Amino acid sequence: MAQPLQVAVVGAGLGGLTAAAALSRSGHEVTLYEQAPAFARLGAGIILSPNVTRLLGRLGLAAPLCARGIEPDAFLSRDWQSGETMVEMPFGAGTPALHGAPYVNIHRADLHDILLSALSAGRLQLGRRLDGVEEDAHGVTLRFGDGGRARADIVIGADGINSKLREILQGAAEPRFTGKMAHRTILKTADIPGGPVRDCTKWWAPDRHILAYYMTGRRDEVYTMSAVPGEGWGYEETSRPLDAAEMRAAFEGGHPDLMRVLDAAREATVWPICDRPRDDRWAEGRICLIGDACHPVRPFMAAGGAMAIEDAVILDRALAACEGDHAAGFALYMAERIPRVAEVQRVSVENSWMCGPTETDWFFGYDAGSAELGVAA
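Residues numbered from 1 in each chain as written. Predicted model: local features only at pLDDT ≥ 70, side-chain atom pairs only at ≥ 80, totals over all residues. Heavy atoms only, no water.

It is not clear to me how the sheet that holds strand S9 (residues 139-144) should be interpreted in this structure. Could you clarify?
Sheet strands associate in pairs through backbone hydrogen bonding, adopting either a parallel or an antiparallel arrangement. Spatial ordering of the open sheet is given by S8-S9-S10, a layout of three strands whose pairing is antiparallel. Bordering the open sheet on either side are strand S8 (130-136) and strand S10 (149-152), each of which pairs with just one other strand. Averaged over all neighbouring strand pairs, the angle between strand axes comes to 20°, with direction disregarded. Relative to S10, S9 runs antiparallel, the two sharing four bridges. (Pairing = 2+ DSSP bridges. Helix = DSSP H or I, 4+ residues; strand = E, 2+ residues; numbered from the N terminus. Axes fitted to C-alpha atoms, helices over the stretch in contact; angles between N-to-C directions.)

Spelled out as structure tokens, the structure:
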């Protein structure tokens, strides 16, 4: 390998943590900068499909993933009123044989902790809000809101849909509201009338849907996330409290199995669902974007976090293949990632994933750790 790079990763979400861990393992000197002063345990679940868990397994994280999350028995799609089963994809013991890795539901904060454990001590700096960068022939200077500065050979922008680095590369623009709001809640299984529910069920209505699943093997809590029509946001906050009765009202007349889950909700939050128009300018000079910073994915396919983690692995491999030549590595990374992410975005916008018989091998079976890297355009 060429001389290791000094890498600054901005944003300690799923993609940023994976990038920092992967690049560190490849011998690069990595520092991860996060604007939050501390990590909070946000109340949200996440689904990790086999294309993601196989990558995290190679980082030595398979055991804690399965211990802290749950391998559901199946993914079930049902009609929201009739209760008819539209799709049932069994998982459990057969999933590793079929896809080479498990399918895992987990609390997002638990996943974050697991990824953080893969990072060497001293690599993470909290409370570092990026204000700008200054690039020269020899590297990049990062300027932070606390007045501090740092130097790096390259900068990886993993700072989400409101990325400061995306703004530098693509120009300032507000995220695009999709016309849908997300209602989220975590409820106690013990509060569900009639007892436990299936491990993972998506209920489909003509203009809305709701996903409900357990996040741990204890099956003592159920996470629900719905997407319902909305007229806009108009608040500075990224989320607001929502009366649980309003969340239930959005599915009034639903099947009893759905309504008994919603009847157990005591509190909820509402979030605007946003994305951005496609823009393939993911890298320029010594700056490269990953995850929602360059390609926000609507949360209708459980693929946003997956794409960020795949990005991180491919970027690490591309830099290695180009022996540290960042320009060539960035180009190779984009050549591999843009077509795949574009298809995932298309399917997510269409919201057709698991609505009926669905071909899944192209998604679940993809291996970012071994996929042949082509030639950069």
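So, next bit.
Just checking my understanding: could you explain helix H10 (residues 326-350) for this structure?
Helical periodicity: at 3.6 residues per turn, an α-helix aligns residues three or four positions apart in one direction. Between its first and last C-alpha, H10 extends 35 Å over 25 residues, near the 36 Å set by a 1.5 Å rise per residue. Along H10, the sharpest kink reaches roughly 30°, centred on Arg337 and followed within four residues by the proline Pro339. If you check the start of H10, you find a side-chain oxygen 3.2 Å away from the backbone N of Ala327, and it comes from Asp325. At the exit of H10 stands Asn351, carrying a positive phi of roughly 55°. (Expected span 1.5 Å × (residues − 1). Bend = angle between axes of the 7 residues up to and from the residue. Polar contact = N/O pair within 3.5 Å; in protein donor to acceptor, adjacent residues only side chain to side chain.)

Where do I start with the packing of aromatic side chains in this structure?
Any two aromatic rings considered together are summarised by their centre-to-centre distance and by the angle between their planes. A complete count under the given rule lists 11 aromatic pairs for this structure. Ring geometry for Tyr103 and Phe364: centres 6.0 Å apart, planes at 85°, overall edge-to-face. Pair noted here: Tyr103 is in the loop between helix H4 (94-99) and strand S6 (104-107) and Phe364 is in helix H11 (residues 361-364), with a separation of 261 residues, a long-range link. Relative accessible area serves as the criterion here: at 6%, Tyr103 is assigned to the buried category. Look at Phe364 and you get buried, because its relative accessible area is 2%. With 5.9 Å between their ring centres and 90° between their planes, Trp353 and Phe364 make a pair best called edge-to-face. Of this pair, Trp353 sits in the loop between H10 and H11 while Phe364 sits in helix H11; the two residues are 11 residues apart in sequence, bridging distant segments of the chain. Take Trp353 and Phe364: they sit in the same class, and that class is buried. Geometry around Phe144 places Arg128 over its ring, the cationic atom sitting 4.2 Å from the centre. Against the face of Trp271 rests Arg184, its NZ or CZ located 4.4 Å from the ring centre. (Phe/Tyr/Trp six-rings, centres within 6.5 Å; stacked < 30°, edge-to-face > 60°. Buried < 20%, exposed > 50% of the residue type's maximum accessible area, 1.4 Å probe, protein only. Lys NZ or Arg CZ within 6 Å of the ring centre and 35° of its normal.)

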